[in-house]
Amino acid sequence: MDFLTILWHLLILLMSFALINYGIALVLKRNDVADVSWGIGFILVCLYFYISGSTSPLALLVYLLVVLWGFRLSFYIGIRNSKKEEDFRYKKWRMQWGKHFYWRSLLQVFVLQMLILLVISSPIIVAAIAEESAYLSLLQVIGIVGWIAGFMWQAIADYQLSAFKRKNTGKVLSSGLWKYSRHPNYFGEIVMWWSLFLMVLEIEHGIWAIISPVLITYLLTSVSGVPMLEEKYKTNDEYRAYVDRTPSIFPFFK
């Protein structure tokens, strides 16, 4: 298949998924369904290429890594969200959008999310359409090691935060990986996507996949990640003190 056909198929797949998620959100009355569907969307992209027959060794390795990450993240967020009300960010938009809530939810939450997901999937796409290679290069090995490190960093950070919140409601976690940065889970995710980019960089059209880690880094540091979360705690004196002594995402080891 040519690239435009692949892109068209992925758009149909992801927009259909967006509509399903939107329907579930309306039934449950909570738009944070989108957070759970984030990782699942990437799994669908991998399944599309696998079913289509794009099964070179590198492609299969990329699928495996992405599916592992997507399943863990969606499972973790799903369990977390089931124990609390709708995420504060979505509740705020629900109030702000008023009578325009339904169409703005569809377009600005679910459709936009899938369009962003498609762009971030560029390393998957590049790996899927590349010619087969009989061996892994040094850069690809570095990418694999980096991905594993990022995955473990995010998983450990999520576990530490979940365990802390069960016993310390309203408190600020500043130990473990959270001692070295305020958002170690985001750092792990950024490392994973840059590592996937390294894995496909040397193959044909690989350089174009750089848009993936650049976009995820920008979103987490400047849009939907750090700014939105820290807005919630700007009046919390304990968190403000934590901000003063701890870097945002990229860890600093004292």
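Above this text is the structure in question.
Attention here is on the structure that accompanies the text. No experiment lies behind these values; they were computed from the predicted model shown.

Parameters at a glance
Residues numbered from 1 in each chain as written. Predicted model: local features only at pLDDT ≥ 70, side-chain atom pairs only at ≥ 80, totals over all residues. Heavy atoms only, no water. Patch = residues over 30% accessible without salt bridge, like charges linked within 9 Å, V, L, I, M, F, W, Y side chains within 5 Å. Areas by Shrake-Rupley, 256 points an atom, 1.4 Å probe, with all protein chains shown as cover. Salt bridge = Lys/Arg side-chain N within 4 Å of Asp/Glu carboxyl O. Helix = DSSP H or I, 4+ residues; strand = E, 2+ residues; numbered from the N terminus. Buried < 20%, exposed > 50% of the residue type's maximum accessible area, 1.4 Å probe, protein only. Core = buried A, V, L, I, M, F, W, Y, C linked by side-chain atoms within 4.5 Å. Contact = heavy atoms within 4.5 Å. 1 Å grid on protein atoms, 1.4 Å probe; cavity = no way out; pocket = protein on both sides within 12 Å on 5 of 7 lines; lining within 4 Å. Points joined across faces, edges and corners; volume = space filled by probe spheres on them. Nonpolar A, V, L, I, M, F, W, Y, C, P; charged D, E, K, R; others polar.

Re a nonpolar patch on the surface
Moving on, step 1. Residues Leu136, Leu138, Val141, Ile142 and Val145 make up a contiguous nonpolar surface patch of roughly 460 Å² in combined accessible area.
Moving on, step 2. In this fold, leucine 138 is placed in helix α7 (residues 138–167).

With respect to the pattern of salt bridges
Moving on, step 1. Under the criterion given, the structure shown has 10 salt bridges.
Moving on, step 2. Ionic pairing is found between glutamate 85 and lysine 91, a salt bridge with its closest N-O pair at 2.9 Å.
Moving on, step 3. Residue arginine 89 is joined to aspartate 87 by a salt bridge in which the shortest nitrogen-to-oxygen separation is 2.8 Å.
Moving on, step 4. Aspartate 87 sits in the buried class, given a relative accessible area of 6%.
Moving on, step 5. Among the charged side chains, a salt-bridge network with shared partners connects Asp35, Lys84, Asp87 and Arg89.

A word on the nonpolar core
Moving on, step 1. Counting residues in each nonpolar core, the largest one holds 69 residues, and the members touching the most others are Phe42, Phe49, Trp69 and Ile124.
Moving on, step 2. Among the elements that take part in this core, helix α3 (residues 57–82) stands out by supplying 10 residues, more than any other.
Moving on, step 3. Apart from residues lying up to four places away in sequence, phenylalanine 49 is in contact with Ile6, Leu10, Ser54, Tyr63, Ile124, Ile125 and Ala128.

Focus: the layout of surface pockets
Moving on, step 1. By volume, the second largest pocket amounts to about 250 Å³.
Moving on, step 2. The wall of the second largest pocket is formed by Phe3, Leu7, Leu118, Val119, Ser122, Ile125, Val126, Ile129, His205, Trp208, Ala209 and Ile211.
Moving on, step 3. With four residues, the top contributor of residues to the lining of the second largest pocket is helix α6 (residues 122–129).
Moving on, step 4. For the lining of the second largest pocket, a count of residues per class yields 10 nonpolar, two polar and no charged.

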